[in-house]
2 protein chains.
Amino acid sequence: MQKADGMFYAPKGKPNPVCKEGEFQIAAIGLDHGHIYGMCNGMVEGGAELKWVYDPDPAKVKQFCQAFPKVQAASSEDEILNDLSVRLIASARIPSERCSLGLKVMDHGKHYFADKPPLTTLNQLAEARRKAEDSGMKYAVYYAERLHSECAVYAGQLIEEGTIGRVVQVIGLGPHRMNPDTRPPWFFKKKKYGGIICDIGSHQIEQFLSFAGAKDAKILHSKVANYNHPQYPELEDFGDASLVADNGATAYFRVDWFTPDGLGAWGDGRTFILGTQGYIELRKYLDVSRDNEGDQVYLVDHEGEKRFSVCGKVGFPYFGKLILDCLGGTEKAMTQEHTFKAAELAIKAQMQAKRIE
Amino acid sequence: MQKADGMFYAPKGKPNPVCKEGEFQIAAIGLDHGHIYGMCNGMVEGGAELKWVYDPDPAKVKQFCQAFPKVQAASSEDEILNDLSVRLIASARIPSERCSLGLKVMDHGKHYFADKPPLTTLNQLAEARRKAEDSGMKYAVYYAERLHSECAVYAGQLIEEGTIGRVVQVIGLGPHRMNPDTRPPWFFKKKKYGGIICDIGSHQIEQFLSFAGAKDAKILHSKVANYNHPQYPELEDFGDASLVADNGATAYFRVDWFTPDGLGAWGDGRTFILGTQGYIELRKYLDVSRDNEGDQVYLVDHEGEKRFSVCGKVGFPYFGKLILDCLGGTEKAMTQEHTFKAAELAIKAQMQAKRIE
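About the criteria used
Residues numbered from 1 in each chain as written. Chains lettered and ligands numbered in written order. Predicted model: local features only at pLDDT ≥ 70, side-chain atom pairs only at ≥ 80, totals over all residues. Heavy atoms only, no water. Helix = DSSP H or I, 4+ residues; strand = E, 2+ residues; numbered from the N terminus. Rg over C-alpha atoms; globule rule 2.2 N^0.38 Å. Buried < 20%, exposed > 50% of the residue type's maximum accessible area, 1.4 Å probe, protein only. Salt bridge = Lys/Arg side-chain N within 4 Å of Asp/Glu carboxyl O. Pairing = 2+ DSSP bridges. Axes fitted to C-alpha atoms, helices over the stretch in contact; angles between N-to-C directions. Phe/Tyr/Trp six-rings, centres within 6.5 Å; stacked < 30°, edge-to-face > 60°. Domains from an automatic or database assignment. Contact = heavy atoms within 4.5 Å. Buried area = accessible area lost by both parts, 1.4 Å probe. Nonpolar A, V, L, I, M, F, W, Y, C, P; charged D, E, K, R; others polar.

Draft legend 1. Structural context of the overall build of chain A. Of the regular secondary structure elements, chain A holds twelve helices and 15 strands. Taking 357 residues into account, the globule formula puts the C-alpha radius of gyration at 21 Å, and chain A, at 19 Å, falls close to it. Taken along its principal axes, the extent of the C-alpha atoms in chain A is 55 × 45 × 45 Å. Among the 357 residues that make up chain A, the fraction classed as buried is 64%.

This is the structure:
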């Protein structure tokens, strides 16, 4: 049996529309990564109407239409781009091609919602920044490991309330299952996926900036390796990085493709948030050998040890906020600068990474 | 009530003498750190006879004699050094003074067993290396977080059996409770304790070298900070480091003094060992909010998720092996080079550490 690998990770929440039916129409272009399901599901739960889908591969479109029965298959990208009723386009195209689509989307006066990594080079980033500035459109990013994780949302609330004092460090472990047989060819081409830190490390950096309440950070050290997959010479199966934020908080994260077959989830994702008055541990997708249900929050403060099982209890406020931001010109879901900063730091950490042989 | 802070952490095992009664006599000089209790207890369980104790502070000697009723209080260091029947002297003197005592001990034809950190400067290290070479005596070190931790011993066995394939990374989290009111003045003087990485980081480096099966490593990055204790300007309440071993395995560790009062142990020590075929997590001193008993080993391989509660089941083979090494001139407990290498890397990581303000 195929083991879960996160390719089609698409958490379900509760519908919680922030707008009237039909008020915020969206479309999906580019179904290369299964994250598009989670992205669209989140937006629909937030109140968006998913009008169109397009991908050059009819099989991918067919599968998508089964998951979202109300969506129409468009005959081309242009059919969607030229539909004035569409306000936002979501895409999980091949990472290196996400930016070029985004520029086109913004040129058509629509907001863009890219899977992570939203782009793979600093040149693309500069273009995206310029276009967002010039067009007034948003280039939002699906940093799912925080935005689509109830325990991560809850951790943000605990930090906000001052429960652990000042955040001094965030450690993130992001192991993933590879299932190489199920992966498309671009998964193994570094120019296309951007490198392991650029790709799955971008989540980690976004979480760090958010939990630490930081606006910017510096890369102190990063590295990548291909320890065990010589048959895929451009794959990096290991990456890590250390950062320091503008407010003095630091981060370490590791990402890898070593999830063993025996794990009951695609990865034993963890986050450790160390504060001056306590700490939080998140066991995101399961609580290994204790509980198959993820979203377990461990909090230790001066009073005691606490555990909160928050699956189904917190929801995913990001998507509704993003819709309201698009409708109202606000930045409550996430600022554009934060969105780009996480991507920028991920690309820089990737570029500076020492290669371990 | 005073919360446990690890100062008097002294695991109890089962007596398992490797030699005849009286065959291996030892003494304790320097009771500045409570680790001396764990050190002597481990040696006695291994079959050593604890003959003497000396410390300039009679109160410390009195307390020690209550814990070890058969020990005699010596009137001076020399009384012990000149006793030809004593084969090994254990010491938990102030870290910066451990080496000078060790040199004297070896000059008297006795083996030395120092608490960690065994020394605090590269000059001391060079002297200790030379003396060990010239005298043929051992300069052993109490790297308790592996040697006196049943789950760590068990992890070593699992790795040895190939359970997780090739070890590619070791992450260690070493939080400690500070209890500043109970700490002696030297605890806050950097020259005396050596810096947080030199001190409690030395455990982490020793574990890395052991679990990765490495002989040497390079420091890639390290840092220290005093985030929340401005009243102790020479204290470092945070430190971390990234290393790469001669065999390509890498390490990250964090050490800190932020254990919150609510935790049921002095620190939520963890070790994550990532292999090409699985991974191991150790929850050393408790399993937070799940089990007050430590020594929990989580193993995930291609077959499944497993948990082993190994408290009382594995024992501490180090001490008996050390006795046999001293008696037989072997190096089965730990090689002298490994012992010094861990200390060397800890001092270098400390010296190179970037200071976060």
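There is more to say after this.
Draft legend 2. Representation of the pattern of salt bridges in the model. One pass over the structure, following the stated rule, counts 48 salt bridges over all chains. Residue D287 of chain A pairs with R290 of chain B through a salt bridge whose shortest N-O separation is 3.0 Å. Taken together, the residues D287 of chain A in the loop between β12 (278-283) and β13 (296-301) and R290 of chain B in the loop between β12 (278-283) and β13 (296-301) connect one chain to another. Using a relative accessible area of 0% as the deciding quantity, one classes D287 of chain A as buried. For R290 of chain B, a relative accessible area of 25% gives the class partly exposed. Among the salt bridges present, the one from D199 of chain B reaches K116 of chain B, with a minimum N-O distance of 2.5 Å. With D199 of chain B in helix α9 (residues 196-199) and K116 of chain B in the loop between β5 (111-115) and α5 (122-135), this residue pair connects regions lying 83 residues apart in the sequence. As far as the burial class goes, D199 of chain B and K116 of chain B line up, both buried. Each of the salt bridges in this network shares a partner with another, and the network as a whole consists of D268, R270, E281, R283, D287 and R290 of chain A together with D268, R270, E281, R283, D287 and R290 of chain B.

Draft legend 3. Local environment of the sheet that holds strand β15 (residues 354-356) of chain A. All names here are of chain A. Taken together, nine strands build an open sheet; the order of strands is β14-β13-β12-β11-β7-β10-β9-β8-β15 and the sheet is mixed. Because the sheet does not close on itself, it has two edges, and the strands there are β14 (305-309) and β15. Across the sheet, the axes of successive neighbouring strands diverge by a mean angle of 10°, strand direction being ignored. Alignment of strand β11 (residues 270-275) against β12, held across six bridges, turns out to be antiparallel. Note that in β12 the partner of I273 across the bridge is I280.

Draft legend 4. Focus on the packing of aromatic side chains. All names here are of chain A. Scanning the entire structure with this criterion turns up 34 aromatic pairs over all chains. Judged by centre distance (6.1 Å) and plane angle (90°), the rings of F113 and Y142 are edge-to-face. Remark: Y142 occurs in strand β6 (residues 139-142) and F113 occurs in strand β5 (residues 111-115); sequence separation between them is 29 residues. Judged by its relative accessible area of 0%, F113 falls in the buried class. Residue Y142 is classed as buried on the basis of its relative accessible area of 0%.

Draft legend 5. Geometry of the pairing of strand β9 (residues 238-245) of chain A. Residue and element names in this part refer to chain A. The buried fraction of β9 is high, at eight of eight residues. What you see with β9 is no split at all: F238, D240, S242 and V244 on one side and G239, A241, L243 and A245 on the other are buried throughout. In this sheet, β9 lies alongside strand β8 (residues 217-225) in antiparallel orientation, the contact comprising eight bridges. Considered in β9, the bridge of K223 is made with D240. Strand direction decides the pairing type here: β9 and strand β10 (residues 250-256), joined by seven bridges, are antiparallel. Of the residues in β10, the one forming a bridge with V244 is T250.

Draft legend 6. Structural detail: the domain arrangement of chain A. All names here are of chain A. Taken as a whole, chain A is organised into domain 1 (6-145 + 317-334) and domain 2 (149-314 + 347-356). Look at where the C-alpha atoms of domain 1 and domain 2 centre, and you get two points 24 Å apart. Residue-level contacts link 22 residues of domain 1 with 26 residues of domain 2. Here domain 1 packs against domain 2, burying approximately 2100 Å² in sum over the two surfaces, 61% of which is carbon and sulfur. On inspection of domain 1 and its partner domain 2, the count reaches one salt bridge. Breaking the side of domain 1 that touches domain 2 down by element, the ones donating at least two residues are α4 (95-107) and α6 (144-147). Looking at the side of domain 1 that touches domain 2 element by element, the count peaks at three residues for α4. Looking at the side of domain 1 that touches domain 2, its residues break down into twelve nonpolar, five polar and five charged.

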